[in-house]
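Inside the fold
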Amino acid sequence: MKPTKATITFDNGSKTIELPILSGTLGEDVIDIRALGKHGYFTYDPGFLSTASCSSDITFIDGEKGLLYYRGYPIEQLAEQCDFMEVSYLLMNGELPNAEQKQSFTNTIRSHTMLHDQLTNVFRGFRRDAHPMAVMVGVVGSMSAFYHDALDVHDPQHREVSSYRLLAKVPTIAAWSYKYNLGQPFIYPQNRFNYAQNFLHMMFATPCETTEPNSILADAFEKILILHADHEQNASTSTVRLVGSSGANPFACVSAGIASLWGPAHGGANEATLKMLEEIGDVSRIDTYIKRAKDKSDTFRLMGFGHRVYRNMDPRAAIMRQTCHQVLDELGLHDDPIFKLALKLEQIALEDEYFVSKKLYPNVDFYSGIVMRAMGIPDSMFTAIFAMARTAGWIAQWSEMIAHPEARIGRPRQLYTGENRRDVIPVAKR
Ligand code: SDX
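In this text the structure is predicted, and so the values were computed from the model without any measurement. (Residues numbered from 1 in each chain as written. Predicted model: local features only at pLDDT ≥ 70, side-chain atom pairs only at ≥ 80, totals over all residues. Heavy atoms only, no water.)

We now examine the pairing of strand β1 (residues 5–9). With 5 bridges connecting them, β1 and strand β2 (residues 16–22) associate as antiparallel partners. Paired with Lys5 across the bridge in β2 is Pro20. Two successive antiparallel strands, β1 and β2, enclose a turn made up of 6 residues, where Gly13 displays a positive phi of approximately 70 degrees. (Pairing = 2+ DSSP bridges. Helix = DSSP H or I, 4+ residues; strand = E, 2+ residues; numbered from the N terminus.)

What follows is the structure in structure tokens.
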């Protein structure tokens, strides 16, 4: 029989604390420590390695088995059988849409893809060489100043329309941040295209010539979006939840999520992985970098490897590797030296005792950069595309948190290690 409570005893026999154990549908049980503060103790868990910040119905990860479910559906089935609109609908509503619901949802999103024309001025405040993620943080945050007719976060209709605006406009903002870098005019969304086709169109079309979508590349891009759409309480999603817990508007919350995702330890790893592969350059240099990754005195980490939760292959990496093959074959790049180097690095690392013992496997970022580069997408846009996909997860998690009966402002405590009380000495005597 599973335990229903945990008992804390103290070695000085001072007290015994009983705490309930809560069970979810799947995964680890949790010890409910909410009453601990009353007994004069906090828990201590920097980086939240053993801390559940919330309960959620949206995404389940089993790190040991390498499982990832969105609303109970395995990621492999969703990537194979659905498109990003279906998966976004699923994350937001809890069920896959039928054909009529899918068409209505798609039409709604298409009706929000344009930006308020004055938003183009916000782009012009940036230097032309601004990183797309810097532009996205700024422009998504500034949506609060343009779409303030539906910012009552406790009104379900307001939450819904703001969610639609974010899901629809973030691709436009991402593509336009790239066009701004190039000095090319912004390309407006075309509602005849699906989500992936539309983004690729806004990225690569010019007023002088439009693009006709390559269905294999567009399908591969839809897969990339699906694989990145949500991932439980990762750093950027936890950021969105924490910002949202104060009642901040959804545009400010997603802007904060984009900022958190930008870090190379998180969503910035896809761009960092490609830079690392280019720096390694040749199979003969792999061992040198593997040695550096194991050297504690060296800050170098093998980008695209390791994960806080997965102690097995990230199921997304396996799908991404397969997508990589398909795209490189479609583009006649199967001899791509970077891809071959990545395959060799993966093989060597997975046979190396250090990586095996620490259960460091390729994660979703290991192959995604190679696929996107093969599609002609610049490295600087990789994390912007990750942010575009994760916007679906962020708005679903944000809405779930706001509507949750246990919702309250997030306010962690600390272990204070500073100075004890002391009196100020007047500056003349210091
Ligand atoms: C994403 O949380 C999510 O779900 C994130 C994400 C999502 O979809 O939202 O999945 C997306 O961010 C994927 C991760 C992308 N990041 C990278 O690829 C960057 C490289 N990876 C590492 O920085 C690291 O593995 C993390 C940040 C991903 C995980 O860090 P943890 O859980 O804090 O693990 P750790 O740093 O404590 O490492 C445990 C041990 C350490 O050795 P010891 O101190 O125990 O001796 O493993 C070592 C680390 O030194 N280690 C690595 C390594 N990752 C961990 N050593 C070399 N290379 C690596 N990549």
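The environment of the ligand is formed by 24 residues, the closest being His231, His307, Arg308, Arg316 and Arg390. Here an oxygen atom of the ligand and a backbone polar atom of Gly304 are 2.9 Å apart. Residue His307 places a side-chain N or O atom 2.6 Å away from an oxygen atom belonging to the ligand. If the ligand stood free it would expose 1000 Å²; the protein chains cover 78% of that surface. A class-by-class count of the residues in the shell around the ligand yields 10 nonpolar, 7 polar and 7 charged. (Near = heavy atom within 4 Å. Polar contact = N/O pair within 3.5 Å; in protein donor to acceptor, adjacent residues only side chain to side chain. Areas by Shrake-Rupley, 256 points an atom, 1.4 Å probe, with all protein chains shown as cover. Nonpolar A, V, L, I, M, F, W, Y, C, P; charged D, E, K, R; others polar.)

This paragraph deals with the pairing of strand β5 (residues 67–70). Burial along β5 is one-sided: Leu68 and Tyr70 are buried, while Leu67 and Tyr69, pointing the other way, are not. Relative to β5, strand β4 (residues 59–62) is paired through 4 bridges, and the arrangement is antiparallel. Each bridged residue has a counterpart across the sheet, and for Phe60 the counterpart in β5 is Tyr69. Remark: 4 residues form the turn of the hairpin made by β4 and β5, two consecutive strands paired antiparallel; Gly66 in that turn has positive phi of roughly 70 degrees. Of the pairings in the sheet, the one linking β5 to strand β6 (residues 73–74) comprises 2 bridges and is antiparallel in character. By the bridge assignment, Tyr69 is partnered in β6 with Pro74. (Buried < 20%, exposed > 50% of the residue type's maximum accessible area, 1.4 Å probe, protein only.)

In a soluble, globular protein the nonpolar side chains are often hidden away together inside. If you look at the biggest cluster of nonpolar residues, it comprises 114 residues, and the most contacted ones within it are Phe199, Phe221, Leu302 and Ile377. The leading source of residues in this core is helix α17 (residues 382–403), at 14 residues. Once residues lying within four places of it in the same chain are set aside, the contact partners of Leu302 are Met276, Ile290, Ala293, Leu345, Ala349 and Phe355. (Core = buried A, V, L, I, M, F, W, Y, C linked by side-chain atoms within 4.5 Å. Contact = heavy atoms within 4.5 Å.)

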